[in-house]
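Geometric and topological summary
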Amino acid sequence: MRRPVIVHAVLAVLVVLAVLVVGALGLPAAPAWAAPVAKGSWSMVPMSKDANGDGFIDGDGGVPVSGALSLQPARTYKGAGNGIAQPNERLISGALSWYLDPAGYEVLLNACPSTGDTYQWRVTRTDASAPATSTPARALRKKTCKSRVTLPEGAYSFELTVNAGGASTSTTLRGTVRNILMVALGDSYASGEGNPRNVDAWIAQGGLFTAFTPYWDDDPCRRSVRGGPAQAALTLEQASSTTSVTLVDVACSGATVDAGVLGPQAAAGQSLSQVEQVRRIVGSRAIDLVTLSIGGNDVGFTNILAACATVTDCPVRPAPSGPLAKYPTLQDGVQAQTAELAADYARIAGCLGGSACVQAGNRTTRPLPMAPGAVVLPTLYPDITRGAGGEPCTYLTLDASDFSWARDTILVPNPPTSYDYRTRGGGSSALSLASGTLNQQVGGTFTLGWKPVTRIWAATGESRAGHGVCAGHDAWVFGLTTLQGFSSAGFHPNPRGQQAIGQAIAGAARSVVGTGDGPSAGT
């Protein structure tokens, strides 16, 4: 009858000995179960990605197999369509930052700060318009503590439950899934002309008759993510972890209103207008933000430069060639073309959520869908006419009187009613500005409900220092580049200029569409 007592005594002795051995050997004792802790956060998966942190969007349109940022990138590409944004990879189809999923946008649910064995998320739409869903239960480990779900835009609650042993605890986060659908329309000042992805190699290594192959996101349109609108999209993307930004960039070098924005640009191989290209990409999705740079080619900016480079007293002489040659003088032609811009901008407005979209040739199509509160940001053109000290430029065969005339009759947003032009022979001509200026017409689009971006003009045209073509190291625009193997860059914004344009657009956009972080974490 004493056997059980002896057995218990022996077991007790063994337990004591085990404890002594563990202590002597310095072995850890068996841990007590820790109470679970639920702590997490949510964020939007970026739709404008920067794979290598260089400040430019990386897409899924393929990247040269070698030398992407060199003077001569490989002409064969890799990685297109593999779902991975590689460093320096082109936009999808040359226009889209990331894929638009009919199911919604990816959201990252992060349970990594929690403590426990397993975790699970329950996602509920605040307006109860869809049933709640739950993620599979997963081990709470470093490699498995994050989950992704695809959700339509809207307000949600994210309930995190963490289990440890037989205990569990929960916390609930609340937030709004939001993507800004941003569209870039317009000409070379929007497409990034002069700024291919490998422009830095050309600037650092280029010289007379340099062999250079620009690496564009879209070759026919000479479109690049180094353009101001694309840089603005990435700035907006990185401004908030709870908002993503999808960029649709169809801006094209050489575009005008009718041969570009509202009609096919045949010179760039386009069979659809930019408006129609956007509809093909976004479908019925509502657009939140539109940037627009258009009008420079409509008033004949390229013809103006060519005329003044070859003709003395160019404003009061006929243009030697091009669309402006049909007018008695260059000034008459510029004013006639400028006079048409107000109606052109009104037609574009009709295509951006208006009642009717009338394109070139009186072709009609459905207006693009615009979200409630959507914003259109037309950008004023920068001042390329002043030197570092603010004085009018003299450049090649263009003299100070040419640049002063161009500034005061084409670019100044608030011009007088006439301009007193002094000829080289000492004569004087009073030039009518009844139609205003290009930038005045852009600024006047506030009457359409648009919000003109004036900051780039203020930074170049109203600043004490100039950033024009003759400003040397302070220049925000390229001069003549024909002999350096990159002729199309001439008289277009350089990297500093496009960066300034991007900052101006991003600043204007943030003030009207908002990207501030909302509640994203909880305990």
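Report follows, based on the coordinates. (Residues numbered from 1 in each chain as written. Predicted model: local features only at pLDDT ≥ 70, side-chain atom pairs only at ≥ 80, totals over all residues. Heavy atoms only, no water.)

Some words on the overall build of the protein chain
The cut-off we apply is this: Where helices and strands are cited, they refer to DSSP runs of H or I of at least four residues and of E of at least two residues respectively, numbered from the N terminus. Here the globule rule is a power law, 2.2 Å times the number of residues to the power 0.38, and the radius of gyration is based on C-alpha atoms. Remark: exposure states derive from per-residue accessible area (1.4 Å probe, protein chains only) relative to the maximum for the residue type, with buried under 20%, exposed over 50%, and partly exposed in between. Each accessible area value is a Shrake-Rupley result obtained with a 1.4 Å probe; residue values ignore everything except the protein chains displayed when judging cover. Lys and Arg are tallied as positive, Asp and Glu as negative. Neither His nor the chain termini are counted. In this description, the location of a charge corresponds to atom NZ of lysine, CZ of arginine, CG of aspartate or CD of glutamate.
Across its full length, the protein chain holds twelve helices and 18 strands. The C-alpha radius of gyration of the protein chain comes to 31 Å, more than 25% above the 24 Å expected for a compact globule of 523 residues. Principal axes of the C-alpha set define a box for the protein chain whose edges measure 135 × 50 × 45 Å. Per-residue burial over the protein chain gives 51% buried out of 523 residues. Here the protein chain has roughly 22,900 Å² of accessible surface; of this, 56% comes from carbon and sulfur atoms. Charged side chains in the protein chain number 38 positive and 36 negative. The centres of these two groups are separated by 12 Å.

Quick notes on the state of the cysteines
Using the following cut-off: Throughout, disulfides are identified as pairs of cysteine sulfur atoms within 2.5 Å of each other.
Throughout the structure, instances matching the rule amount to five disulfides. Note that Cys308 is cross-linked by a disulfide to Cys314, the S-S spacing being 2.0 Å. Linking Cys308 and Cys314, the disulfide has an S-S dihedral of approximately 80° and is accordingly described as right-handed. Its relative accessible area of 1% is what places Cys314 among the buried residues. Sequence-ordered numbering of the disulfide-bonded cysteines in the protein chain gives the connectivity 1-2, 3-4, 5-6, 7-8, 9-10.

With respect to the pattern of salt bridges
Where charged atoms from two side chains of opposite charge approach closely, those side chains can pair. Under the convention used in this document: In what follows, salt bridge is the name for a side-chain nitrogen of Lys or Arg lying within 4 Å of a carboxyl oxygen of Asp or Glu.
The full count for this structure, using the stated rule, is 15 salt bridges. Linking Asp200 and Arg226 is a salt bridge whose minimum nitrogen-to-oxygen distance equals 3.3 Å. Here Asp200, found in helix H3 (residues 199-205), pairs with Arg226, found in the loop between H3 and helix H4 (228-238); they are 26 residues apart in sequence, far enough to count as distant. The class for Asp200 is partly exposed, based on a relative accessible area of 43%. We classify Arg226 as buried; its relative accessible area is 9%.

Some points on the packing of helix H7 (residues 330-339) against helix H9 (residues 400-411)
Using the following cut-off: Every axis corresponds to a line fitted to the C-alpha atoms, with the helix fit spanning only the stretch in contact, and the corresponding angles, defined between N-to-C directions, vary from 0 to 180 degrees. Orientation labels follow simple angle bins: below 35 degrees gives roughly parallel, above 145 gives roughly antiparallel, 65 to 115 gives roughly perpendicular, and whatever is left gives oblique. Handedness of a helix crossing follows the sense of rotation of the near helix relative to the far helix, less than a right angle counterclockwise being left-handed and clockwise being right-handed. The contact criterion used is simple: two residues touch if any of their non-hydrogen atoms lie within 4.5 Å.
One way to put it is that H7 packs onto H9 with a least axis distance of 11 Å and a crossing angle of 25°. Judged by the angle between their axes, H7 and H9 are roughly parallel. For the pair H7 and H9, the sense of crossing is right-handed. Contacts between H7 and H9 involve Leu330, Gln331, Val334 and Gln335 on the former and, on the latter, Trp405, Thr409 and Ile410.

Some points on the pairing of strand S1 (residues 40-44)
Quick note on the threshold: Strands are treated as partners if at least two bridges between them are detected by DSSP.
In terms of burial, S1 is a largely internal element, four of the five residues being buried. Where S1 lies against strand S4 (residues 105-110), four bridges are found, and the strand directions are antiparallel. Paired with Ser43 across the two strands is Leu108, which belongs to S4.

Observations concerning the side chain of Glu276
Convention followed: Polar contact is defined as a pair of N or O atoms within 3.5 Å, subject to the rule that within protein one atom must be able to donate a hydrogen and the other to accept it, and that residues adjacent in sequence are counted only when both atoms are side-chain atoms.
With respect to the helices and strands, Glu276 occurs in helix H5 (residues 274-282). The class of Glu276 is buried, set by a relative accessible area of 18%. Of the polar contacts made by the side chain of Glu276, one reaches the backbone nitrogen of Ser273; its length is 2.9 Å. Those residues in contact with Glu276, other than ones at most four positions away along the chain, are Gln359 and Arg363.

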